[in-house]
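One letter stands for each residue in the lines below.
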Amino acid sequence: MNRLSILVVEDEPDIRDLIGYLLEKEGYKVSTAADGAIALQKLAKEEFDLLLLDLMLPQVDGLEICRTMKGDRKTSEMPIIMLTAKGEEGDVVTGFNLGADDYIVKPFSPRVLCARIKAVLRRRSNGSQQATGDTLTRGELEIRRGHREVRVKGEQIQLTFTEFQILDLLAGRPGWVFTRYQIVDSVRGEDYPVTERAIDVHIVGLRKKLGECASYIETVRGVGYRFKEDV
């Protein structure tokens, strides 16, 4: 059975070695990069199941790596966990805006780090196991679940893994109101430590990408979000 592969991008040798040791012990195949330039080279040549990414890096910072990945079809769907000392709300929001699947602030608990990696990879695996040919059409919006593709008026748009999960959840039950924490539990798993603000950020990004179909997602003040019934 092939081991899942993780690229760890961290410029501090002690932290990089610790993470590599922990993940190898958990059964993952681990590759490391000490700066952003090396990370981009590895991403261009090799395939990974997950990226564990520091933000403050030499050469190319973590945010630029994230932007590059999400703009490349080859890596746009790869899950990203940001691991950084920058823990202010604005930093977390920026990370989610750029497509991060999780955001862990240093100093971190090794057990929590491993648990969060498992959770992201499990969600990824569950999403990829959906049957091909399962297409959901709502108005001018088409969601091809098996292929994880979304089209607006026939034109394909690029969504992050989490944006796709949220859209699929809402569109699957038009008119049904989901609270922010119901959305968290559905797309990230129960007891996921994320704020309501993070869900709002994902919704903002999703609406921007949906363009003329952005109005399909309605805000229910004080509660959460729903997908319009009459589209």
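Counting starts from 1 at the beginning of each chain's written sequence and moves along it residue by residue. Totals for whole chains, interfaces and linings use every residue, but because this is a predicted model, local features are given only for residues with pLDDT of at least 70 and side-chain atom pairs only at 80 or more, for both listing and counting. Note that water and hydrogens are dropped before the side-chain values are worked out from all heavy atoms of the structure.

Our focus in this paragraph is the overall build of the protein. From N to C terminus, the protein includes eight helices and 12 strands. Within these notes, the globule rule equals 2.2 Å times the number of residues to the 0.38 power, and the radius of gyration is based on C-alpha atoms. A globule of 231 residues ought to have a C-alpha radius of gyration of about 17 Å, and the protein, at 18 Å, matches this closely. Each principal axis of the C-alpha atoms in the protein carries an extent, and together these give about 55 × 35 × 35 Å. Think of it in three bands: with a 1.4 Å probe and only protein chains considered, a residue is buried below 20% of the maximum accessible area for its type, exposed above 50%, and partly exposed in between. Burial analysis of the protein (231 residues in total) assigns 48% to the buried set. Note on contacts: a residue pair is in contact if any heavy atoms of the two residues lie within 4.5 Å. Looking at the protein alone, contacts between residues at least 24 apart form 58% of all its contacts between residues at least 6 apart. Within the structure as shown, the protein displays about 11500 Å² of accessible surface, and the carbon and sulfur contribution to it stands at 46%. Positive: Lys, Arg. Negative: Asp, Glu. His and the chain ends are not part of the count. Think of each charge as sitting on NZ of Lys, CZ of Arg, CG of Asp or CD of Glu. The average position of the 34 basic charges and that of the 37 acidic charges among the side chains of the protein differ by 3 Å. Strands here mean DSSP runs of E at least two residues long; helices mean DSSP runs of H or I at least four residues long; both are numbered from the N terminus. Accessibility throughout is a Shrake-Rupley quantity obtained with a 1.4 Å probe, and a residue counts as covered only by protein chains that appear here.

Any two strands between which DSSP finds at least two bridges are classified as paired. Ordered in space as β6-β7-β8-β9, the four strands form an open sheet in which the pairing is antiparallel. A single partner strand is all that each edge strand has here, and the edge strands are β6 (135-138) and β9 (155-157). Pairs of neighbouring strands in the sheet enclose a mean axial angle of 25°, with direction left out of account. Taken together, the four bridges between β6 and strand β7 (residues 141-144) define a ladder with antiparallel strand orientation. Here an angle of 0 to 180 degrees is reported between the N-to-C directions of two axes, which are lines fitted to C-alpha atoms, with helices fitted over the stretch in contact.

In this structure, the amide linkage connecting K106 to the following residue, P107, adopts the cis form with an omega of -5°. Summarising the element assignment, P107 is placed in the loop between β5 (102-105) and α5 (110-128). Of note in this structure, Q59 is not a glycine but carries a positive phi near 70°. Along the chain, the position of Q59 falls in the loop between β3 (50-53) and α3 (62-70). Of note in the backbone geometry, K153 takes a positive phi value of approximately 50° without being a glycine.

It is worth spelling out the packing of aromatic side chains at this point. The pairing test for Phe, Tyr and Trp rings, Trp by its six-membered ring, is centres within 6.5 Å, and the orientation test on the planes gives stacked under 30 degrees, edge-to-face over 60, and tilted for anything in between. One pass over the full model with this rule turns up one aromatic pair. Ring geometry for Y216 versus F227: centroids 5.7 Å apart, planes at 70°, classification edge-to-face. Of the two residues, Y216 is situated in the loop between α8 (196-210) and β11 (217-220) and F227 in strand β12 (residues 224-227); the sequence distance between them amounts to 11 residues. Across the pair, F227 and Y216 agree in class, each one buried.

Right, let's get into the environment of R3. Tracing the backbone shows R3 in the segment before β1 (5-9). Owing to a relative accessible area of 46%, R3 belongs among the partly exposed residues under this scheme. For R3 and K29, which are 26 residues apart along the polypeptide, the C-alpha to C-alpha distance reads 5.9 Å. Those residues in contact with R3 that lie beyond four places of it in its chain are E24, G27, Y28, K29 and D49. A distance of 3.3 Å separates a polar atom in the side chain of R3 from the backbone oxygen of Y28. N or O atoms within 3.5 Å of each other form a polar contact, as long as, within protein, one can give a hydrogen and the other can take it, and as long as residues adjacent in sequence are counted only when both atoms are side-chain atoms.

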